[in-house]
Amino acid sequence: RRPPLGLPFPNHSNLSPDAKNILMFLETALFQALSAGNTQLLMTTYHQEAVFACSAEQRFNIPVPQGCEKNIREDTVSLRNSLRDNDSNLLNRGGVSRVVKGRTQLLATLENSLYHKKFRTHHQLIGDGNVSFITSTPVPVAVATVHGKMMWLHQNQNQSEAPRSALFDRTITLVSVNGGWQVTNDIMYLRRQFTEEPLFFADNPSRIDHLCKSFGSVYPPEIFAAFVAASSSDKDYYNLRDGIPKEIIEQCYQMGGNDATRCVAIAKLALARQCAPQDAFNALNAVGFDASRL
């Protein structure tokens, strides 16, 4: 195993009410409207001079389903080719950029590529978006970054069938117009889907499951999630976890009343003070398990 890194774990977003309003606006006026093909709403969502670009990582591909109707395979190839034709990644296009300018051309491009008319397109957004506001400009500007998964299901497929999917990152610039917002820049990046989570966070369920399995432990995943929550980096996590023998973790878990957070608090204090788990438990219990009072 490689030496653990000391890079800080990324933090989850802590959005202000104004930032949440921007994301709610994008959810309804952009993503839901795009999925529904609501051109009338999109004409007001996008600015007349809006710019759009979509790039994909190298070797990005939409797999063609096998064992299905011929028209589904053909339309999936059409979807894949349209995404490739509209890819603005210079490495994928031999140095030729593909940027669409103007609301009419932008909507036509979206309809013929990402929102192919033969597919039902859905977005699955995660809550860890980010919004920044710029007030030093003549009109207020907001820059939002959202992450999630796009799913394409052919119109002749059943809802129970697995859709084609990809992860995406989308940075959207909005300007204030007549008390509302309009999108002026929509920049998208498509990624292949290796995990269910669009972004890496130390407490992603798949990562907690991996940490649990790699430890060879029968302890519940909540214990490892608590170890992660008590750490600031991979290095910090492994120093904490590996510094405590398995049998000590079991003792701490029992002392904490099978509470994972208390288990890790006891173990962390025992490691820091080089004392027995019982002594750490007594110290924490005396202050209501508020480690900041020690």
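Residues numbered from 1 in each chain as written. Predicted model: local features only at pLDDT ≥ 70, side-chain atom pairs only at ≥ 80, totals over all residues. Heavy atoms only, no water.

## So, helix H7 (residues 234–242)
Those residues of H7 lying buried are Asp-234, Tyr-237, Tyr-238, Leu-240 and Arg-241. Burial along H7 is one-sided: seen end-on, the buried residues are contained in an arc of 165°. On its buried face, H7 is in contact with helix H5 (205–214), helix H6 (221–229) and helix H9 (260–273). (Buried < 20%, exposed > 50% of the residue type's maximum accessible area, 1.4 Å probe, protein only. Helix = DSSP H or I, 4+ residues; strand = E, 2+ residues; numbered from the N terminus. Arc of directions from axis to C-beta. Contact = heavy atoms within 4.5 Å.)

## Points about the pattern of salt bridges
Applying the stated criterion to the full structure yields eight salt bridges. With a shortest N-O distance of 2.4 Å, Arg-207 and Asp-234 are connected by a salt bridge. Of the two residues, Arg-207 is situated in helix H5 and Asp-234 in helix H7; the sequence distance between them amounts to 27 residues. Accessibility expressed as a relative area gives 13% for Arg-207, which makes it buried. On the basis of relative accessible area, Asp-234 is assigned to the buried category, the value being 11%. (Salt bridge = Lys/Arg side-chain N within 4 Å of Asp/Glu carboxyl O.)

## A closer look at the packing of H6 against H7
Taken N-terminus to C-terminus, the directions of H6 and H7 make an angle of 125°; their axes are 9 Å apart at the nearest point. By the criterion of interaxial angle, the relationship of H6 to H7 is oblique. The two elements H6 and H7 meet at a crossing, and its hand is right-handed. On the side of H6, the interface is formed by Phe-224, Phe-227 and Val-228, while H7 contributes Tyr-237, Leu-240 and Arg-241. Its residues assigned to classes, the contact of H6 with H7 shows five nonpolar, no polar and one charged. (Axes fitted to C-alpha atoms, helices over the stretch in contact; angles between N-to-C directions. Parallel < 35°, antiparallel > 145°, perpendicular 65-115°, else oblique. Left-handed = near helix turned anticlockwise from the far one by under 90°. Nonpolar A, V, L, I, M, F, W, Y, C, P; charged D, E, K, R; others polar.)

## Side note on the environment of Arg-170
Looking at the element boundaries, Arg-170 is found in strand E6 (residues 164–177). You can call Arg-170 buried: its relative accessible area is 0%. Linking Arg-170 and Arg-84, residues 86 residues apart in sequence, is a C-alpha distance of 18 Å. In terms of polar contacts, Arg-170 uses its side chain to reach the side chain of Asp-186, at 2.9 Å. (Polar contact = N/O pair within 3.5 Å; in protein donor to acceptor, adjacent residues only side chain to side chain.)

## Description of helix H4 (residues 103–112)
When we look at burial in H4, the residues that qualify are Arg-103, Leu-106, Leu-107, Thr-109 and Leu-110. In a view along the axis of H4, the buried residues occupy a sector of 160°, so they form one face of it. Where H4 is buried, its residues contact helix H1 (17–36), helix H2 (39–45), strand E1 (46–56), strand E2 (100–101), E6 and strand E7 (180–191).

## Comments concerning the packing of aromatic side chains
Overall, the coordinates contain five aromatic pairs when judged by the stated rule. Judged by centre distance (6.5 Å) and plane angle (55°), the rings of Phe-133 and Trp-181 are tilted. Placement of the pair is Phe-133 in strand E4 (residues 130–134) and Trp-181 in strand E7, with a sequence separation of 48 residues. Relative accessible area serves as the criterion here: at 37%, Phe-133 is assigned to the partly exposed category. On the basis of relative accessible area, Trp-181 is assigned to the partly exposed category, the value being 24%. The ring of Phe-289 has Arg-262 sitting right over it, with the charged end atom 4.2 Å from the ring centre. (Phe/Tyr/Trp six-rings, centres within 6.5 Å; stacked < 30°, edge-to-face > 60°. Lys NZ or Arg CZ within 6 Å of the ring centre and 35° of its normal.)

## Structural notes on the packing of H9 against helix H10 (residues 277–286)
When two helices pack together, you describe them by how their axes are tilted relative to each other and by the distance separating the axes. Orientation of H9 relative to H10, taken along the N-to-C sense of each, is 115°, at an axis distance of 8 Å. Classed by the angle they form, the pair H9 and H10 counts as roughly perpendicular. Between H9 and H10 lies a crossing whose hand is right-handed. Counting all contacts with H9, which are made through Ala-265, Ile-266, Leu-269, Ala-270 and Arg-273, the residues of H10 involved are Pro-277, Ala-280, Phe-281, Ala-283 and Leu-284.

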